[in-house]
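Results of the structural survey
Here is what each chain is made of, one letter per residue.
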Amino acid sequence: MVARGQARPTLRDVAERAGVSVSTASLVFSGKGPVAEATGVRVREAATELGFTGPNPLASSLRQGRSGAIGVLVEGRLRMAFRDPFAIAVLDGLAEVLEAVPTGMLLIGQPSGDGESVVPQLAPLALDAVVFSLCGPGENPAVEHLAARGIPMFSTGVPSDRRITQVRVDERAAGAEIARHVHSLGHRRVAHVAMPLLSTSVAGPVPDDEVDPAEAHAPSVGRLLGFRDVFGPDAPAVQTGDGSSFEGGTIAGRLLLDVPERERPTAVVTQSDVIAAGVIAAAEELGLRVPEDLSVTGFDGVDLPWLPHRLTTMDQHGREKGRILGTLVRKRLDGTRARSVTQRVELRVGTTTAPPR
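Each value, and the rule that gives it
Residues numbered from 1 in each chain as written. Predicted model: local features only at pLDDT ≥ 70, side-chain atom pairs only at ≥ 80, totals over all residues. Heavy atoms only, no water. Salt bridge = Lys/Arg side-chain N within 4 Å of Asp/Glu carboxyl O. Helix = DSSP H or I, 4+ residues; strand = E, 2+ residues; numbered from the N terminus. Core = buried A, V, L, I, M, F, W, Y, C linked by side-chain atoms within 4.5 Å. Buried < 20%, exposed > 50% of the residue type's maximum accessible area, 1.4 Å probe, protein only. Contact = heavy atoms within 4.5 Å.

Taking an unreviewed UniProt entry as the reference, the chain is identified by name as Substrate-binding domain-containing protein belonging to Terrabacter carboxydivorans.

Listed below in structure tokens is the structure:
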């Protein structure tokens, strides 16, 4: 064993003790070349005697020009990402592809409203690429830092910088399609629940100055604009204060529904399935039945087995989105130019929408 304070034995030390070349010793540890069994035994015995546990992974990665790590930037607290089934589906698909590269994922939380704080976290990290995996702000201070270091970047639509390879959804068109479904059922008194439009947004009614059509690529903005394309700019809209959460949906639902019946919407269009579940919970607390008294739609297409309804939603195939991201990353690591793609989505009608009474 290596004594405290003693230099870590190297592959060269093992080769010298075993009486072989460094390249032969390297082949024994990598298993990538033909080596006589007796030679392999001799090298491994020498390694045991010296306390050598294997080649230095950092030195190996430097020789290959890779660090072996992909940074995955998540806006907000990491615990929120692990509570969001759509976020988990995307990460699952991404991991599935990256496992075959092989490379690892390093999850990095970026506090909402304090995006600059992530730059010092990124600065010392050796990363092969960075993925902005979830909904976030249209602009991100991490982009300039990563671009200056030449680190390839990938995202699911935001940030929208031209230096980032994107897996996009036409958010505005998707938002309009699900709104048209609600409109076709006969609903005219309809409200909208959005994710935060800006990193500094707070829960409550959506201020007009936060809705910038130039930011339609951002999921929260694009989906709201699509809704307004159908129901007009005066239709009530509120936003959650914590992204896509059940609690945020419940609070928004109470705000919209705990009003006199003549003012209550007959349908609520939301920007995520988890938010929709929260709105349904708020409705049921108030004695409203879904869909008899209130229609509710989601967005994402995730599986919510604990919800006693099959949501009407816009399915954007989260796991497939993650696999597409992983494939683009893999192509870039292999030296192939990766181009942005637009992902398909589809309306999935469930049991939470019906004509108004």
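There's more to say after this.
1. Some words on the pattern of salt bridges
Under the criterion given, the structure shown has 15 salt bridges. For R163, the salt bridge identified is with D161, shortest N-O distance 2.8 Å. In this structure, R348 engages D315 in a salt bridge whose closest nitrogen and oxygen atoms are separated by 3.4 Å. Taken together, the residues R348 in strand β13 (residues 346-348) and D315 in strand β11 (residues 313-315) connect sequence positions 33 residues apart. Because the salt bridges share partners, they merge into one network encompassing D92, E96, R319, E320 and R323.

2. Looking at the nonpolar core
Membership of the largest hydrophobic core comes to 41 residues, with the highest contact counts inside it found for F154, V193, L257 and V329. Secondary-structure elements contributing two or more residues to this core are β1 (69-75), α6 (85-98), β3 (129-132), β6 (190-194), α11 (246-257), α12 (273-285) and α13 (318-333). Once residues lying within four places of it in the same chain are set aside, the contact partners of F154 are A129, V130, V131, F132, I164, T165, L325, L328, V329, R332 and A338. Counting 23 residues, the second-largest nonpolar core is a separate cluster that includes V158, V211, A218 and L224.

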